[in-house]
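# Architecture at a glance
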Amino acid sequence: MFAPNFTRDELIHSNTAKLAGIDNTPSKLDNDNLQKMSWFLQALKMELSARFGTNVLIRVSSGFRCFDLNTELGGSKDSDHMRGLAADITCSHLTPYQLAKFIEDEMKPLGYKQIIQEHGRWVHIGLMEVESRLESLTASKKAGQLVYSRGIHNV
């Protein structure tokens, strides 16, 4: 069962897949992982709403990606998106930096694999299937190359 505020359709939606004619249907295991992600996002929404008010909105810009979609988007060959264990999000009340810091500071008890504040534009959340890693990173471009640095930094 999916969380009340994060549907399966929202977590698999992709305009790129539609335009490219890619079937982005998750397997049963991927779907189970997406349910896990939906409940993490639900808990995050509840924590944010308790802190900032009831109108906090979390937008999922990228959730599940089948292999073909991930390739089309230039995603990592071992992306957690391909297993339903990652989502890229933004929040109505916070910058990506603030959102990543909030997750790092407040969501550790729920566990996560990694959070990446990406280019000051969105936050990538990756979940583990079993054990949490609690890794925090910032992605940025330096001399045209993608660089990951440890910790959450304002870029």
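What comes next concerns the included structure.

Criteria and cut-off values
Residues numbered from 1 in each chain as written. Predicted model: local features only at pLDDT ≥ 70, side-chain atom pairs only at ≥ 80, totals over all residues. Heavy atoms only, no water. 1 Å grid on protein atoms, 1.4 Å probe; cavity = no way out; pocket = protein on both sides within 12 Å on 5 of 7 lines; lining within 4 Å. Points joined across faces, edges and corners; volume = space filled by probe spheres on them. Helix = DSSP H or I, 4+ residues; strand = E, 2+ residues; numbered from the N terminus. Buried < 20%, exposed > 50% of the residue type's maximum accessible area, 1.4 Å probe, protein only. Contact = heavy atoms within 4.5 Å. Polar contact = N/O pair within 3.5 Å; in protein donor to acceptor, adjacent residues only side chain to side chain. Pairing = 2+ DSSP bridges. Axes fitted to C-alpha atoms, helices over the stretch in contact; angles between N-to-C directions. Core = buried A, V, L, I, M, F, W, Y, C linked by side-chain atoms within 4.5 Å. Phe/Tyr/Trp six-rings, centres within 6.5 Å; stacked < 30°, edge-to-face > 60°. Expected span 1.5 Å × (residues − 1).

## Some words on the layout of surface pockets
- Quantified by volume, the largest pocket comes out at close to 630 Å³.
- Lining the largest pocket we find 24 residues, and of these Arg65, Gly75, Ser76, Glu118 and Tyr148 sit closest to its centre.
- Counting only elements with at least two residues in the lining of the largest pocket, the list comes to strand 1 (58–62), strand 3 (114–118), strand 4 (122–126), strand 5 (135–142) and strand 6 (145–150).
- Considering every element that reaches the lining of the largest pocket, the biggest residue donor is strand 3, with three residues.
- In this structure, the second largest pocket occupies an estimated 200 Å³ of space.
- Surrounding the second largest pocket, 14 residues form its lining, His13, Ser14, Asn15, Ser61 and Ser62 being those nearest its centre.

## Brief notes about helix 5 (residues 96–106)
- Within the sequence span of helix 5, burial applies to Pro96, Leu99, Ala100, Phe102, Ile103 and Glu104.
- Where helix 5 is buried, its residues touch helix 3 (28–52), strand 2 (86–91), strand 3, strand 4 and strand 5.

## Section: the side chain of Gln114
- Mapped onto the secondary structure, Gln114 falls in strand 3.
- Accessibility expressed as a relative area gives 12% for Gln114, which makes it buried.
- For Gln114, the side chain forms a polar contact with the side chain of Glu135, separated by 2.8 Å.
- If we ignore the near neighbours within four places in the chain, the residues touching Gln114 are His124, Ile125, Gly126, Arg133, Glu135 and Leu137.

## Points about the sheet that holds strand 2
- Read from one edge of the open sheet, six strands run 1-2-4-3-5-6, paired in mixed fashion. Every other strand in the sheet has two partners, leaving strand 1 and strand 6 as the edge strands with one partner each. Strand-to-strand, the axes of this sheet are offset by a mean angle of 30°, without reference to chain direction.
- Strand direction decides the pairing type here: strand 3 and strand 4, joined by five bridges, are antiparallel. Within strand 4, the position partnered with Ile115 by the bridge is Ile125.

## Re the side chain of Glu135
- Among the secondary structure elements, Glu135 is positioned in strand 5.
- Judged by its relative accessible area of 13%, Glu135 falls in the buried class.
- A polar atom in the side chain of Glu135 sits 2.9 Å from the side chain of Arg150.
- The residues contacting Glu135, other than those within four sequence positions of it, are Tyr112, Lys113, Gln114, Ile115 and Arg150.

## Section: the nonpolar core
- Residues Leu41, Leu44, Leu48, Ile89, Leu99, Ile103 and Ile125 are the most contacted members of the largest nonpolar core, which totals 34 residues.
- Counting residues per element, this core draws most heavily on helix 3, at six residues.
- Apart from residues lying up to four places away in sequence, Ile89 is in contact with Leu41, Leu44, Ile58, Arg59, Val60, Ser61, Leu99, Ile103, Trp122, Val123 and Ile125.

## Quick notes on the packing of aromatic side chains
- Considering all chains together, one arrives at one aromatic pair under this definition.
- Geometrically, the ring pair formed by Phe52 and Phe102 is tilted, given 6.2 Å between the ring centres and 55° between the ring planes. Of the two residues, Phe52 is situated in helix 3 and Phe102 in helix 5; the sequence distance between them amounts to 50 residues.
- Looking at Phe52, the relative accessible area reads 34%, which means it is partly exposed.

## Concerning helix 3
- Relative to the 36 Å expected for 25 residues at 1.5 Å per residue, helix 3 spans 36 Å between its end C-alpha atoms, a close match to the ideal helical length.
- Count one or two residues on from helix 3 and you reach Gly53, which has phi positive near 120°.

Coordinates in, geometry out; function isn't part of it.
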